[in-house]
Amino acid sequence: AEVHEHEFIVQETPVTRLCKEHNIITVNGQFPGPTLEVREGDTLVINVVNHAQYNVSIHWHGIRQFRTGWADGPEFVTQCPIKPGGSYKYKFTIEGQEGTLWWHAHSSWLRATVYGALIIRPREGKPYPFDKKPSREFPILLGEWWDANPIDVIREAQRTGAAPNVSDAFTVNGQPGDLYNCSRQDTTAISGKPGETALLRFVNSALNHELFVSIAAHRMTVVGVDASYTKPFTTDVLMIAPGQTTDVLVTMDQPPATRYYVAARGYVTTQGVPFDNTTTTAVIEYDCGCATTKELGPVIPPAFPALPAFNDTGAATAFARGIKSPNKVEIPSPVDENLFLTVGLGLFNCEPGQLCGGPNNNTRFTASMNNVSFVFPNTDSLLHAHYYDIPGVFTTDFPAYPPVQFDYTAQNVSRGLWQPVPATKLYKLRFGSVVQIVLQDTSIVSPENHPIHIHGYDFLILAEGFGNYDAEKDAQKFNLENPPQRNTVAVPVNGWAVIRFRADNPGVWLMHCHLDVHITWGLAMAFLVEDGYGELETLQAPPVDLPMC
Ligand code: C2O
């Protein structure tokens, strides 16, 4: 195994998109940021130096960080932010994970431009476990582009209590693509010889949109999600939620003179709320030595794929159901901790003198889990306060159940969930305990899919469904054979998902909705996983350069 050392300079960089020049925050002047390429078992040492005028921290999304929670990155959770002029060295080893992950800023909305791919290949000499071996690989980061400074957008929304503005375009590897005049030259190209198979590593790094992806004329074989292999299955469309990754094999088996679009657009289930209704493209070009439609110029545009309608929940569900683990999975059991968590938006009634930009002009948006709207501390990080027993930073009374039973069929849908309580509440887990969580979407304010992400863990998705979760009936439908393993689950709109994992990684681990506007509004909680007794069951000591508040 190798040790890879990198320096990440967070800085302001001018870039031109949608015909306008902007200063954005980047790593090393690159947008998207540098791709990290490692093998399973390797160690990464990344010195992050902050030359920007914002506080920043970097999260290595999906990395287990076994015993190295100090390197996980979310600000005020596992570290205080790196202040302008400061630096912090993240050090961690990648164990038992192969596939595609990514890294992103975990401070305010900086991740709009501060993100990159993290590719984990099998150990030297160990082949990919799929039949068709790819001869080419492409990371494909899907993002959102904002004409405005994203930090200003969210600050303004927080001031007024309103929903923030939506992005102005989606991007593929930082480029809006062919459908925009001024970026046609820079459209991301995927090339290969006729007959070759390419591994496309998709990441949804967009802030606030789940995305559908299709490729003209080519089918995709899904072989991995969130750095876990899957049972290969072939599909025409992917649905990737923010935080999730999807690895697909594509064989270049179509007429080589034509070019083919890879296209992505939003999957949006809210009603009457503005969203980014644009489409972004990359293009597949055959490297065939023949006259292609590119030479023939704009006369022959590339072939365009059929994308599902923006609100096609059927397509999203069908795709999610197709994902399975490749082999029989050992299911952690028996369950020691049974949690039932409502996830969704709520509204605060305005106090006198407050701005009230929410619905009906007398409310402000909020979001919660079990009616607790998560408040990030600002005097210390949760992990530091836990490690040194510093009181007053958090409490450990996060409720295992909602205060009122949630019921879609009730006349007056759980009014009690409309006014969440802002607090910093953690849920304590004994080392090694088996945790099952029912994530019940509430759709009280607006029907929405919520991508729920856990730091420090992969979990098994045992079942998903619509309506109220019914403990007796729905437990019969659990996939205890080959459930998919992920770090982010898209909880179906007006529905639920059941996840399970063993709490074998000590530390403080954030769980939150990966739509950034929802984490801003408090759709988060954190687990405090206690140390075990064994030598390899305890959190390591904090690094000497851990940023303090
Ligand atoms: Cu990808 Cu808490 O984040």
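For clarity, every value in this text was computed on a predicted model and none was experimentally measured. (Residues numbered from 1 in each chain as written. Predicted model: local features only at pLDDT ≥ 70, side-chain atom pairs only at ≥ 80, totals over all residues.)

**Focus on the overall build of the chain**
Across its full length, the chain carries 5 helices and 32 strands. For 549 residues, the compact-globule estimate of 2.2 N^0.38 gives 24 Å, and the chain sits close to it at 23 Å. Per-residue burial for the chain yields a buried fraction of 50% across its 549 residues. Considering only contacts in the chain between residues 6 or more positions apart, those separated by 24 or more positions represent 78%. (Helix = DSSP H or I, 4+ residues; strand = E, 2+ residues; numbered from the N terminus. Rg over C-alpha atoms; globule rule 2.2 N^0.38 Å. Buried ≥ 20, exposed ≤ 12 C-beta atoms within 10 Å, placed from the backbone. Contact = placed C-beta atoms within 7 Å.)

**Some remarks on the sheet that holds strand S13 (residues 210-215)**
Sheet architecture is open: 5 strands sit in the order S11-S19-S18-S13-S16, paired in mixed fashion. Each end of this open sheet is capped by a strand with a single partner; those strands are strand S11 (189-192) and strand S16 (237-240). Each adjacent strand pair in this sheet contributes to an overall mean axis angle of 20 degrees, direction not counted. Bridge analysis of strand S18 (residues 260-267) against strand S19 (residues 279-286) gives 6 bridges, and the strand direction is antiparallel. Of the residues in S19, the one forming a bridge with Tyr-260 is Ile-284. Packed on one face of the sheet, helix H2 (residues 313-322) meets S13, S16 and S18 and runs near 90 degrees to S16. (Pairing = 2+ DSSP bridges. Axes fitted to C-alpha atoms, helices over the stretch in contact; angles between N-to-C directions.)

**Quick word on the confidence of the model for the chain**
Detailed reading of the predicted coordinates is not advisable wherever pLDDT falls low. Predicted confidence across the chain gives a mean pLDDT of 95, with 97% of residues reaching 70 or more. Across the interfaces of the predicted complex, the ipTM metric reaches 0.99, alongside a pTM of 0.97. (pLDDT = per-residue confidence, 0-100.)

**Observations regarding unusual backbone geometry**
Note: most peptide bonds trans; most residues except glycine with negative phi. Omega for the peptide link from Phe-31 to Pro-32 comes to -10 degrees, which places this bond in the cis form. Within the secondary structure, Pro-32 is located in the loop between strand S2 (20-27) and strand S3 (36-39). Residues Ser-333 and Pro-334 are joined by a peptide bond in cis, for which omega reads -5 degrees. With respect to the helices, strands and loops of the structure, Pro-334 is situated in the loop between H2 and strand S20 (337-349). A positive phi angle, near 55 degrees, is found at Gln-65, a position not held by glycine. You can see Gln-65 is positioned in the loop between strand S5 (58-61) and strand S6 (87-93). Its identity as a non-glycine residue notwithstanding, Ala-227 has a phi of 60 degrees, on the positive side. If you trace the backbone, Ala-227 turns up in the loop between strand S14 (220-225) and strand S15 (228-235).

**A closer look at the domain arrangement of the chain**
Under the domain assignment, the chain is made up of domain 1 (1-124), domain 2 (130-325) and domain 3 (337-537). With centres defined by C-alpha atoms, the gap from domain 1 to domain 3 works out at 25 Å. Taken residue by residue, the interface counts 16 residues in domain 1 and 16 residues in domain 3. Along the lines of polarity and charge, the residues of the side of domain 1 that touches domain 3 split into 7 nonpolar, 5 polar and 4 charged. (Domains from an automatic or database assignment. Nonpolar A, V, L, I, M, F, W, Y, C, P; charged D, E, K, R; others polar.)

**Quick word on the pairing of S14**
Most of S14 is tucked away: 5 of the 6 residues are buried. By the bridge criterion, 5 bridges tie S14 to S15 in an arrangement that is antiparallel. Across the sheet, Thr-221 pairs through a bridge with Thr-234, a residue of S15. Once S14 ends, the chain turns through 2 residues before running back antiparallel as S15, passing Asp-226 with a positive phi of about 50 degrees.

**Looking at the sheet that holds strand S7 (residues 99-105)**
Spatially, S3-S8-S7-S5 is the arrangement adopted by the 4 strands of the open sheet, whose pairing is mixed. On the outer flanks of this sheet lie S3 and S5, each paired with one strand and no other. Each strand axis lies, on average, 20 degrees off the axis of its neighbour in the sheet, ignoring direction. Where S7 meets strand S8 (residues 115-121), 6 bridges bridge the pair, whose relative direction is antiparallel. Looking at S8, one finds that Leu-101 is bridged to Leu-118.

**Topic: the nonpolar core**
Ranked by internal contacts, the top residues of the largest apolar core, which has 143 residues, are Leu-142, Leu-439, Ile-499 and Ala-526. Each residue touching Ile-499, except ones within four places of it in the same chain, is listed here: Ile-437, Leu-439, Phe-459, Leu-460, Ile-461, Leu-462 and Val-489. (Core = buried A, V, L, I, M, F, W, Y, C linked by C-beta atoms within 7 Å.)

**Here's the deal with helix H1 (residues 150-160)**
All of the buried residues in H1 are Pro-150, Val-153 and Ala-157. What you see down the axis of H1 is that its buried residues fit within an arc of 55 degrees, all on one side. Just past H1, the residue Gly-161 takes up positive phi, approximately 80 degrees. (Arc of directions from axis to C-beta.)

**Side note on H2**
For the α-helix, the turn length of 3.6 residues means that residues three or four positions removed from each other point alike. Every buried residue belonging to H2 is among Ala-315, Ala-316 and Phe-319, and all of these are buried. In an axial view of H2, the angular spread of the buried residues amounts to 100 degrees, which keeps them on one side of the axis. Across from the buried face of H2, at angles greater than 90 degrees, the exposed residues are Gly-314 and Arg-321. On its buried face, H2 is in contact with S13, S15, S16 and S18.

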